[in-house]
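Residue strings, one per chain:
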Amino acid sequence: MTERQLIQEILNTVSLIYDFENADEDTSEYTLLITQQDNDNRDLETVNTEMRHYFEDANFDCKEELHPTNTDKPADVRVTIKR
């Protein structure tokens, strides 16, 4: 399984809508814009905690920005992960 596939699997497990804002496979660094699904009643902080837990279990370093600004698309979280 590639890193990109693992990232997609994690985000599907947490049931999030995502878009790769930047993917540098050479340095294993990825920036994603994440949005909760319309029917998701969880607090954004809870979703962020769940997502971070899975990424850390997969040995990714994770940096999140809730309600990011300066994005091309609206998002609830911008996350930069690196292995």
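Within each chain, residue numbers correspond to sequence positions counted from 1 in written order. Where totals are concerned, whole chains, interfaces and linings use all residues; where local detail is concerned, this predicted model gives features only for residues with pLDDT of at least 70, and gives and counts side-chain atom pairs only at 80 or more. As a rule here, side-chain values cover all heavy atoms of the structure and leave hydrogens and water aside.

Undergrad: Please set out the environment of E50 residue by residue, giving values where relevant.
TA: Strands here mean DSSP runs of E at least two residues long; helices mean DSSP runs of H or I at least four residues long; both are numbered from the N terminus. Checked against the element boundaries, E50 lands in helix α2 (residues 44–57). Only protein chains enter the calculation, and the probe is 1.4 Å; a residue is then buried if its accessible area is under 20% of its type maximum, exposed if over 50%, and partly exposed in between. E50 gets classed as partly exposed once you look at its relative accessible area, which sits at 30%. Placed 16 residues apart in sequence, E50 and I34 show a C-alpha to C-alpha distance of 13 Å. Residues count as neighbours in contact if any of their non-hydrogen atoms are within 4.5 Å of one another. Those residues within four positions of E50 in sequence are excluded, and the remaining contacts are V14 and R42.

Undergrad: A description of the packing of aromatic side chains should follow, citing residues and the corresponding values.
TA: Pairing of aromatic side chains here covers Phe, Tyr and the six-membered ring of Trp, requires ring centres within 6.5 Å, and sorts the geometry by plane angle: under 30 degrees stacked, over 60 edge-to-face, intermediate tilted. Scanning the entire structure with this criterion turns up three aromatic pairs. Centroid distance Y18 to F20: 6.3 Å. Interplanar angle 90 degrees. Geometry classified as edge-to-face. You can call Y18 partly exposed: its relative accessible area is 23%. Judged by centre distance (5.9 Å) and plane angle (85 degrees), the rings of F55 and F60 are edge-to-face. Judged by its relative accessible area of 0%, F55 is buried.

Undergrad: Could you give me a rundown of the nonpolar core, with the residues and numbers involved?
TA: Residues grouped as a nonpolar core are buried Ala, Val, Leu, Ile, Met, Phe, Trp, Tyr and Cys residues, joined through side-chain atoms within 4.5 Å. Counting residues in each nonpolar core, the largest one holds 19 residues, and the members touching the most others are I7, L11, L32, I34, M51, F55 and I81. Sorting the residues of this core by element identifies α1 (3–13), β1 (16–24), β2 (29–36), α2 and β4 (77–82) as the ones contributing at least two each.

Undergrad: Give a detailed account of the pairing of β1, specifying residues and quantitative values.
TA: By this definition, two strands are paired if DSSP reports at least two bridges between them. In the sheet, β1 pairs with β2 via eight bridges, with the strands oriented antiparallel. Along β2, the bridge assignment pairs Y18 with I34. In this antiparallel pair of consecutive strands, β1 and β2, the connection spans four residues, and S28 shows a positive phi of 60 degrees.

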